[in-house]
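Structural characterization, general
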Amino acid sequence: MHSNSVELIEPPANCVMVGTGKGGVGKSTIAAHKAAWHAARGERTLLVCVTSQDDDDLGIESFDRGIRPDGPSVLNGMGLYRAIHDRTPLLPIREVRPNLDVVPGGEAVGELATLLTARMPVEGVHVVTSLARALEPIAPWYDQIVFDSAPELDSLEQLALAATRWLFVPTRSDTNSIRGMRRIARNYKLVRKQLNPYLQVAGACLYGSNPSATQLHQEVRDAVLKELGLSTPMLTTVVGYREMPAVNARNKGLTFGEYAALLPSSARSYDVAAGRASRADVVPESIVPLANEMESLNSEIDAHCRKAPSS
Ligand SMILES: Nc1ncnc2c1ncn2[C@@H]1O[C@H](COP(=O)(O)OP(=O)(O)O)[C@@H](O)[C@H]1O
Ligand SMILES: [Mg+2]
C-alpha cells in the first residue's frame, strides 16, 4: 500500500466506533443505546451503521421512526452505499428520537466491499477514507457520532476505523470472541499507522455475560490486555445475558430504557393466565436490571472518553 500521497482526515473528537471482529457480541445493541444515551442528554447525535445487518433497534423501518431525507430510499444501507458511490455527504434520517439522526445499515453496505475493491487499483489505500470523507461535511452538525460496525469484512471494519477517533470493544467470554478481538486489533493497528493517527482505544467491556463469573472475567481481562495492549481500559460494568428482554425490546424498536418505562402499565402473567392479555403484552421484569446495566455501561464509556488525553 502506498500511503505517502494519502490526505489524512482528522476525525471529529466525539466519535466512537463499537467494534470487534465477531458477530453476535452485542455491537449493534450497544451502538444504538450509546447513540440514544447521548441524544437523551441533549447532545446532537449521529449513529452510522456500517453493517450489512439492519437490526433496526430504534424502530426506524418497522415503526417508521424519523424523518426520511427527500429522494431515493436510504434504508437497508442504501444511503450509506450511495454516499460512498457518488462521493456525496451522508444523508441521515433525522430525529429518530429527539436529537438523534441515523444512517441505517443493511444489505447494500455489504456491496461496498466490491466497490472499494474496484477503486483500489486507481485510488490505493485512499479508498479506506471514503466514509471519513462522506462524514466530514455533516460532522459539524453533531456533538457525538457513533459507528456500529461489521465484522464480516475487514474492508468495512477499516472504513469505520478510518473515520473514527475512538474504538470501543465489547466482548463475550468465549474463545471465538477473543479471536475476533485479535482481528480488530490487527485492523486497528493497520489503519492507525497508515490513515488515522488520531485513532485511540476507548476501552473494552465484557458484554452478555453472567456478572458473577469472576474467574472467567479475569481471563477475559487478560485476553483483552494481550490483544489490545496494556493501556486498554477494561470497564467494570458487565451487562448481563438477558435474552428475553433484549430480544423483545429490539422487536418493538425500543431501547432498553424505553421498554422498561412500559413495565408499570404492562400486562402481568396473571392477566395472560386469565385470558385478558397475550404473552407478547407482558414486559419482562428483567428489563429493569438490563436497562440499568446498559445505562451504567454508557456512563462508564463516556467518562473514559472524557478523561483520556486526546492525542
Ligand atoms: N444483554 C443481552 N443479553 C442477551 N441477548 C442480548 C443482549 N443484548 C443483545 N442481545 C441479543 O443478542 C443478539 C446479538 O446482538 P447484536 O447487538 O446484534 O450483536 P452484533 O451487532 O455484535 O452482531 C441480538 O439478538 C440481541 O437482541
Ligand atoms: Mg451488528
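Structure's up top.
Residues numbered from 1 in each chain as written. Chains lettered and ligands numbered in written order. Predicted model: local features only at pLDDT ≥ 70, side-chain atom pairs only at ≥ 80, totals over all residues. Heavy atoms only, no water.

Phi angles above zero are rare outside glycine, and Asn 76 is one such case at about 55 degrees. Tracing the backbone through its elements, the reader meets Asn 76 in the loop between strand S2 (45-50) and helix H2 (78-86). Asn 76 sits in the partly exposed class, given a relative accessible area of 31%. Backbone geometry at Arg 87 places phi at a positive 55 degrees, although glycine is not the residue there. Within the secondary structure, Arg 87 sits in the loop between H2 and strand S3 (93-97). (Helix = DSSP H or I, 4+ residues; strand = E, 2+ residues; numbered from the N terminus. Buried < 20%, exposed > 50% of the residue type's maximum accessible area, 1.4 Å probe, protein only.)

What follows covers the pattern of salt bridges. Scanning the model with the defined rule gives 18 salt bridges in all. For Glu 258, the salt bridge is made with Arg 97, and the minimal N-O distance between the two is 2.6 Å. With Glu 258 in helix H9 (residues 256-260) and Arg 97 in strand S3, the pair connects residues that are 161 residues apart, well separated along the chain. Residue Arg 182 pairs with Glu 227 through a salt bridge whose shortest N-O separation is 3.0 Å. Remark: Glu 227 occurs in helix H7 (residues 214-228) and Arg 182 occurs in helix H6 (residues 175-194); sequence separation between them is 45 residues. Residue classification places Arg 182 among the partly exposed residues on the basis of a relative accessible area of 42%. A relative accessible area of 11% places Glu 227 in the buried class. When salt bridges that share partners are traced, they join Arg 44, Arg 94, Glu 95 and Asp 101 into one network. (Salt bridge = Lys/Arg side-chain N within 4 Å of Asp/Glu carboxyl O.)

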